[in-house]
Every structure is written in C-alpha cells, then in structure tokens.
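# Inside the fold
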Amino acid sequence: MASTIPDSQSGTPAPPQKEGAPESDRAGRVEAHGIDHIPEGERHGHPRQLFSVWAAGGVNYLSLVVGGALVLMGLTLWQALAVIVAGNLFWFLTGLLSISGPAAGVPSEVITRAMYGVRGNRVNNAIVGWLISVCYFALNLAAAAASAFALVEKAGITADTAVKVVVVVVIAALTLAIGVYGHATIMKLYLPISLTLTAAFAVVAVSVLRHTDFSYAPPESLTGTDLWAVLLAGLTLIGSGPLSYTTSADFSRYLPRETSARSIIGWTALGGFVPGVVVSSLGALAATAVDMTDPQTGLATILPGWFEPVFLLALVLGTIAINAMTAYSAGLALQAVGIRIPRARSVLVDGTAAVALTLYGLLFSDFLDTVSNVLQLTVVLLGPAMAIYATDVLLRRNRYDGPALMDETPGGPFWYTAGVNPAGALALAGGVAVAALCVNTLYTGPIARALGGIDLALPAGMVVAALLYAVLARGGKSQAPAA
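Since the model is a prediction, treat every value here as computed from it, not as a measurement.

### So, a nonpolar patch on the surface
A cluster of nonpolar residues, Leu89, Phe92, Leu270, Val274 and Val278, forms a patch on the protein surface that exposes about 400 Å² of accessible area. At 3 residues, the largest contribution of residues to the nonpolar patch is made by helix α12 (residues 261-287). Judged by relative accessible area, which is 36%, Leu270 ranks as partly exposed.

Written out as structure tokens, the structure is:
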C-alpha cells in the first residue's frame, strides 16, 4: 500500500559552505531568521557546539531538586541512582529529533507539519510548543527569583514586594535578551556558561560527597507493588526533562545538511545526559545527609560559608540558561501557530506572559502551585508527542524537504486532509488517551488503580502513539500530495 509520508528530498549536492557564520546569524546581533528555511549557503557550525548548549541547560537547580526527591520518595540511594541513569537515557530521543534540523533547515515547530498537517500543527504548537513552554518559563523564573531573593537578603536589602518585582523583571530581561538575540548568541554564550556552572557545582559535589551516607536506606524499605510504583514515578519524573525538548532541531538547524547524524545525536544526547546524571545524582547523595525538602537551606548547612552567595548566583545563571532556550523555542512556536510577528517580538510576548504569571503566583496567589500540579500531567502529552516525532524521523529516514514544509497552501504536500494529517492526529489522541488511563499523579486512572497505583503513563503512551503512527502513516487511507 502506498505510504502517506511525502518524501521530496532532493538528491542535488549542497552548495559550498561559507567561511564562518553568515550575517543573518552572528553572535551579538539579533537573529534574522525565524521559522523560515535556512538556505544551504547560510549553514555553518559544528555538532560539538550542541554539547555546551544542552549542558548549560542541564546544570540547574531543578535537576538537583528532582534527584533529592527520589530519596524523599522512599528509594534507597542506589535505587535512586539507577532511576536517574535510566530516566536520563531519554536524552537520546532528544538527540534523534535534533537530526531533523539540518535535514530540513527549519525548526521543529515547522517539521512537525509532516506529522500533523499545516492546520493540525498549529494546534500542536499552541499547546505543546507555546502554552507548556510559557508555564515552564514561569516556574523556572520563580525558582530563580527565590534564589535571588535570598541573595538580596544577604546583601542587607529587605525583599519586599517592590524589590521582588524588580528582581523578577531583571532576571527575565537577562533571559529574554539571550532569546531575542537568538541562535548564534546562544551558541557563543553557552560554552562559558556551562564551564562556569560546572565549576560551581564541582564545589557543591566536593561538599556533598564529604557528607554522603553511601549506606543510606529509608526507615521503611519499599517492596512489591509499592516499590515498582515509586520506581516508575521516579523514572517519569527524571524522564520528563528530556521529553520536554521536542524542539531540539531549533538549535541544530543551522548545521550543514551533510553533517554527520551520528555526531548530532551524540553531542546533543551527551550534553543533556551527562549533567542530568551528575547533578541529579548530587541531589540524591545530598538527600542522605541533609533535608532536601528545602534544598537551598539544606545544602547551605554543608557548603562553605563563602560559597553560598556564589551558589545562589549559579542557581540564577543556570535558570537563565535553560529559560533562554525555552523562550527561544516558544517564540518560534508562536510564529508557527500562524501569528505574523517577527521572531524577536514573539520572544518578548512569551516573556511578558511568563513574567505576568510569575508575579501573580509569587505575590497574589498560589497560581504557580496550580501550574506546577498541572505540569505533572504534561508527560501524558509530551511522551506521545516525542514518540510520534521520533517515529516519523525513522520512517522517513530523516529525509525532510524544508521548502516544501514551508508551503501552507491547500495544494501543498503537507496539507493532507483539510490541513490535518489523520495519522498524526489519531496517533497523538490514542497515545494521550492511554497515558491518561494509566496516570497516577493529580488523579488515579483506572489502569493505575487496577495495578495498585503503578503509573505506566509514560511507557504506555509512548508505545501506543508510536505504533499507531507507524501503522496509520504507512497504511492509512489519506494519501498526501507529492511534494
């Protein structure tokens, strides 16, 4: 049966690459491109640059907190470390998705038109690409602000409402400046940022290892169903980090099309995997010695006194790094939704929304707690979305036609049926439905209840979505027009 996957990759050789970065993508200048196709003559860079980009985003406070949470959930130290390694293996899916960037020369937010159709992808970008990203931005900004408030207090300044507003706005402004300047500035800044954060967390590591109880076991050991429930919950918690980056092609799309796919996957995956394992493990190790229910206060008891302000600054810097990437991709998502707005302005729109949510949550309500609870359910959506994207890359053998993907007309190759690809829409709906039946977070789905609380939402949702998409895309009734 004919495939529903259009494949129009040209076999003509790529034009010779220019020396150095093109004028449209130079550090210190606002990036000229948005979701539009990057011509071959403007491709540049080396895949090893991707390591520092993902490493800078991975050396952060959140990973430390999550690692400590595994021990607080009742796991032994060695069980927690095993979950950390297993959960961070999902970074290799992030690496797989990143190879579609050089192949297409467009960001992930446009490549996913191949999976969902032009109109269907607008809905996908509105929810997965923009709304969830803005919520994550707000939560990370709140975490950075908390560290900055403590730093301000140490300087002898009372962190009243006015000071808190100024702190949040300053951190957001620094973050958005990186996002506005865009790709080349991120590539330039993130190597020194990752080195700085590594040095800071090395000091943390020395202090933590000196106090770690390597024989630690919880007061009551988990067994049977309870143990499996916590192990899978921990795996979901760790895996939700890499699974949230279905946008990895955004940072690889400037690479020449002939760049080694193996190198792109390797440098991207290792950039997320190594710091993810190391920093989360530090959190788990610290939980055997201090109270990680309040990591900032707990770690202060074992860190050198002179280092505490440096540590707080490192937490702020790490959050700025990860949020700048989030803001950058959210800006592209806003363009891909169909809003005609320059990329730089779209980043500012994202930041304004996130700052408003952060200030409202910090100053007036428990809104951020509500958002945090909702985001616990995002794995129900992000897992299937990641699985469909990865399956599409494999089915097409990573052959994407960037100019064809930019065609939004009804006669275009990715219009499918009324602008929606039934294969992608049905696969995503099926994966999300199964994951929702298996989830055990804010509510307990019927399958999780029948299994005694074991949450299989992540593996079940991903497997069902991938299988449905593979079957429907290869043998569905809707034949996409040839590109």
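### Quick notes on empty space enclosed by the protein
For the coordinates displayed, the defined rule picks out 1 cavity of 30 Å³ or more. What lines the largest cavity is Ser108, Glu109, Thr112, Tyr116, Asn124, Asn125, Val128, Gly129, Thr246, Thr247, Ala385 and Tyr389. Of all the secondary structure elements, the ones that give two or more residues to the lining of the largest cavity are α6 (108-111), α8 (118-154) and α17 (378-396). In terms of residue count, the dominant contributor to the lining of the largest cavity is α8 (4 residues). Among the residues forming the lining of the largest cavity, the class breakdown is 4 nonpolar, 7 polar and 1 charged.

### Digging into the side chain of Ser252
As for its placement among the helices and strands, Ser252 is situated in the loop between α11 (224-243) and α12. Taking the relative accessible area as the measure of exposure, Ser252 reaches 0% and is therefore buried. Reaching out from Ser252, the side chain makes a polar contact with the backbone oxygen of Ser98 at a distance of 2.6 Å. Sequence-distant contacts of Ser252, defined by excluding residues within four places in its chain, comprise Leu50, Ser98, Gly101 and Pro102.

### What about the side chain of Thr268?
Relative to the elements of secondary structure, Thr268 occurs in helix α12. A relative accessible area of 0% means that Thr268 is categorised as buried. At 3.5 Å, the side chain of Thr268 forms a polar contact with the side chain of Ser98. For Thr268, the side chain forms a polar contact with the main-chain oxygen of Ile264, separated by 2.9 Å.

Reading the values: rules and limits
Residues numbered from 1 in each chain as written. Predicted model: local features only at pLDDT ≥ 70, side-chain atom pairs only at ≥ 80, totals over all residues. Heavy atoms only, no water. Patch = residues over 30% accessible without salt bridge, like charges linked within 9 Å, V, L, I, M, F, W, Y side chains within 5 Å. Areas by Shrake-Rupley, 256 points an atom, 1.4 Å probe, with all protein chains shown as cover. Salt bridge = Lys/Arg side-chain N within 4 Å of Asp/Glu carboxyl O. Helix = DSSP H or I, 4+ residues; strand = E, 2+ residues; numbered from the N terminus. Buried < 20%, exposed > 50% of the residue type's maximum accessible area, 1.4 Å probe, protein only. 1 Å grid on protein atoms, 1.4 Å probe; cavity = no way out; pocket = protein on both sides within 12 Å on 5 of 7 lines; lining within 4 Å. Points joined across faces, edges and corners; volume = space filled by probe spheres on them. Nonpolar A, V, L, I, M, F, W, Y, C, P; charged D, E, K, R; others polar. Polar contact = N/O pair within 3.5 Å; in protein donor to acceptor, adjacent residues only side chain to side chain. Contact = heavy atoms within 4.5 Å.

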